[in-house]
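Chain by chain, the residues:
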Amino acid sequence: MTAQVFDEEIYDIVDKGLLGGGLTEAETLKLYQVPERSKEAAYIRWAGQELSLRAADGKAEIHAQIGLNSTICPKNCKFCSFAACNSARKGKFELPKEDVLEYAKLYREDGANLVLLLTTASYSFEKLLDMVGSVREVIGEDMPLLVNTDDMTLERTTALKAAGANGAYHAVRMGEGTDTEIPVEKRMETFKNLAAAGMSLSSCVEPVGPEHTPEQITEATMRCIGTHPLSGGVGKRIGVPGTLLYDNGMITDVANANMVAIYRLASGLEPRLNCSANTVMTAASGANLAWAEVGTNPRDTVERTENGGRGASFAQQRKMFLASGWEIAEGPSAGWAL
């Protein structure tokens, strides 16, 4: 059996990425074009892990997501269980406030490094403001608190900041404007409004499916890096029965691990947190951010993802990181409060 010849160009690009200064768009595209089960891909995954370990001093973080509602959403993202265009969910459900506060308290006690409140675009903004203020009282002033909600005006980002939110998870999704009814420009406007209000950003290249080309993923990667998020990376699309993109299938965990590593090499030593660690393989390829989830979940169809759904517990995510050679950061995540 003839030994596989290593592609020297890929080797050189990866070695440049290991210096920590990032990669060009052309270099990033070359890495995304590497076959997922090749010798080069294994080197990319090793390098992604090495660079992430350096960037974060060997520390991984577990952030806590609390889904507040599953009310049918008018934004019609074809991959999302909340979307009105899909048949994954019916009716209206909102997590009672007392449950939200109890979850937040328990996550603080478990050792979560950050708390995030997730809503659909149908959730009342006034309720969200109230929930942010109430959760802030429970988790204390030092715990970073983020929201993942609809696009926001400057008035709304400013109000959320005043209520106690430090930042937001926000992203230009793959297929934005085609697989969703949200213009890319609307997303970019929200990025600007978050920055103007003094709020930090968590973002990601997601949800990636088998139909997305290396060129599309590269474009999304460079755009995400350009928003200068405090956490970034690549997340695979989770196929949810009843959603319009379900039949498109999902990328493999191997492919996702490659992409996680490539994002790290392309972005360099910043940001410190690289997502998403959803398997031992991704956690061993450069992903050092995972999410523990309760309440509603766009990648699930049950009202509470922790009850028979796909939501992982804090203990499960901790076990995954330890199995991948990471230490778990203790206390509130550093660098989120501006």
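Residues numbered from 1 in each chain as written. Predicted model: local features only at pLDDT ≥ 70, side-chain atom pairs only at ≥ 80, totals over all residues. Heavy atoms only, no water.

**Some words on empty space enclosed by the protein**
For the structure on display, the rule yields 1 cavity of 30 Å³ or more. Counted as a void, the largest cavity has a volume near 70 Å³. As for the largest cavity, its lining consists of Ala-171, Val-172, Phe-191, Ser-203, Cys-204, Val-205, Ala-220, Arg-223, Cys-224 and Thr-227. The leading source of residues in the lining of the largest cavity is helix 8 (residues 214–226), at 3 residues. Each residue belonging to the lining of the largest cavity can be placed in one class, and the counts come to 7 nonpolar, 2 polar and 1 charged. (1 Å grid on protein atoms, 1.4 Å probe; cavity = no way out; pocket = protein on both sides within 12 Å on 5 of 7 lines; lining within 4 Å. Points joined across faces, edges and corners; volume = space filled by probe spheres on them. Helix = DSSP H or I, 4+ residues; strand = E, 2+ residues; numbered from the N terminus. Nonpolar A, V, L, I, M, F, W, Y, C, P; charged D, E, K, R; others polar.)

**Side note on the pattern of salt bridges**
Two side chains carrying opposite charge are able to pair once their charged atoms lie near each other. Applying the stated criterion to the full structure yields 14 salt bridges. One salt bridge in this structure joins Arg-108 and Asp-142, with 2.8 Å as the shortest N-O distance. Pair noted here: Arg-108 is in helix 4 (residues 97–110) and Asp-142 is in the loop between helix 5 (125–139) and strand 3 (145–148), with a separation of 34 residues, a long-range link. The exposure class assigned to Arg-108 is partly exposed, which follows from its relative accessible area of 29%. Residue classification places Asp-142 among the partly exposed positions, given a relative accessible area of 45%. Note that Lys-236 is salt-bridged to Asp-253, the shortest N-O span being 3.1 Å. Separated by 17 residues along the polypeptide, Lys-236 in strand 7 (residues 231–236) and Asp-253 in helix 9 (residues 253–267) bring together distant segments of the chain. Overall, the relative accessible area of 14% leaves Lys-236 in the buried class. (Salt bridge = Lys/Arg side-chain N within 4 Å of Asp/Glu carboxyl O. Buried < 20%, exposed > 50% of the residue type's maximum accessible area, 1.4 Å probe, protein only.)

**Structural notes on helix 2 (residues 25–32)**
Among all positions of helix 2, only Glu-27, Thr-28, Leu-31 and Tyr-32 are buried. The buried residues of helix 2 occupy one face: seen down the axis, they fall within an arc of 140°. Buried residues in helix 2 make contact with helix 1 (8–18), helix 3 (39–55), helix 8, strand 7 and helix 9. (Arc of directions from axis to C-beta. Contact = heavy atoms within 4.5 Å.)

**Some words on the layout of surface pockets**
In this structure, the largest pocket spans a volume of roughly 1,000 Å³. As for the largest pocket, its lining consists of 49 residues, and the residues nearest its centre are Gln-65, Arg-173, Glu-206, Pro-298 and Arg-299. Put simply, the parts of the chain that give the lining of the largest pocket at least two residues each are strand 2 (114–118), strand 6 (205–208), strand 7, strand 9 (289–295) and helix 11 (314–323). With 4 residues, the single largest contributor to the lining of the largest pocket is strand 9. Each residue belonging to the lining of the largest pocket can be placed in one class, and the counts come to 23 nonpolar, 16 polar and 10 charged.

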